[in-house]
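Architecture at a glance
Next come the chains, spelled out residue by residue.
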Amino acid sequence: MVWDIGPREHSWLAGETMGAEDRIERARQACDRAVFVGDMATLDTAARELDAVEADLAVARGRIMQARSRERRTENPAELASFERAADLYRGLGDVRGEGEALFWVGTYHQMSLRDDDTAVPVLQRSYELAAQVGDKLTMSYALRHLGYADHTAGRLAAARERLEESTRLRREIGLLPGVAANLVGLAYVAAAQGRRDDGLALIEEAGSIAEASGAEAIRRQVEEARVHLGTAQT
């Protein structure tokens, strides 16, 4: 069964109005004022803004490492360190949305790279809780997807179905169609495991249609693999 994270069509930091270049420039100006004018008042603010830049960069670097590790089927501890650093920085900044996102990636590393659901699940649950606090439906959908994967792996099929269905509902709301298709593939596997083969086939057909319409080639390949799996399960 394929449980790739899948494509992301939305920014995790949607709504962010100040970019890294703006924050770095403000920090430079604050340092100049401190040196030439003696104005120290803005240094703390500038330092916090640079912490935000560092946190954003740590997530971005970690995701690049994660994508490469997934392609090469290797493990990179630097990836985990990057996500944990981001989570610490966001927590210090009081950035609930950012911390929830970073913790999702921490949990995903433990789950997908280390195959350690015992460690991953509490982190993913915390990610979901933080995302729910600020209404970050995208992060909520990702955390639920991976919690559903843990349930499926552990044989808790009803819980896996419930979480994947809720993740799918959220993804439909925000228009993350490739993510909807990916979840439908997962739901098809759950349906097959529950003996609901007809439901599984219907889910696969819907997933295929959405993947094709949205140009999600990686998900379309997952659909084809699932078709083979369900066909084999029938014979």
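Heads up: the structure comes first, above all this text.
In this report, the structure presented in the accompanying data block is examined.

Applying the stated rule across the entire model yields three aromatic pairs. Considering the side-chain rings of Phe83 and Trp105, the 5.7 Å spacing of their centres and the 20° angle between planes classify their relative orientation as stacked. With Phe83 in helix H3 (residues 77-93) and Trp105 in helix H4 (residues 96-113), this pair connects stretches of sequence that are 22 residues apart. Accessibility expressed as a relative area gives 1% for Trp105, which makes it buried. Relative to Trp105, the ring of Phe104 has its centre 5.0 Å away and its plane inclined at 70°; by these criteria the two rings are edge-to-face. Members of the aromatic cluster, connected to one another through ring pairs, are Phe83, Phe104, Trp105 and Tyr142. One cation-aromatic arrangement involves Arg171 over Tyr142; the distance from NZ or CZ to the ring centre is 4.4 Å.

Here we take up the nonpolar core. Among the nonpolar cores identified, the biggest contains 25 residues, and Val59, Ala86, Tyr90 and Ala102 are the most heavily contacted of them. Put simply, the parts of the chain that give this core at least two residues each are helix H2 (43-72), H3, H4, helix H5 (117-133) and helix H6 (137-153). Ranked by size, the runner-up nonpolar core spans 22 residues in total, among them Val185, Leu203, Ala207 and Leu230.

Before going further, it helps to spend a moment on the side chain of Asn183. Here Asn183 is to be found in helix H8 (residues 177-193). Within the structure, Asn183 has its side chain in polar contact with the side chain of Arg171 (distance 3.4 Å). Apart from residues no more than four positions distant in its own chain, Asn183 is found in contact with Arg145, Leu164, Ser167, Thr168 and Arg171.

Parameters and conventions
Residues numbered from 1 in each chain as written. Predicted model: local features only at pLDDT ≥ 70, side-chain atom pairs only at ≥ 80, totals over all residues. Heavy atoms only, no water. Phe/Tyr/Trp six-rings, centres within 6.5 Å; stacked < 30°, edge-to-face > 60°. Helix = DSSP H or I, 4+ residues; strand = E, 2+ residues; numbered from the N terminus. Buried < 20%, exposed > 50% of the residue type's maximum accessible area, 1.4 Å probe, protein only. Lys NZ or Arg CZ within 6 Å of the ring centre and 35° of its normal. Core = buried A, V, L, I, M, F, W, Y, C linked by side-chain atoms within 4.5 Å. Polar contact = N/O pair within 3.5 Å; in protein donor to acceptor, adjacent residues only side chain to side chain. Contact = heavy atoms within 4.5 Å.

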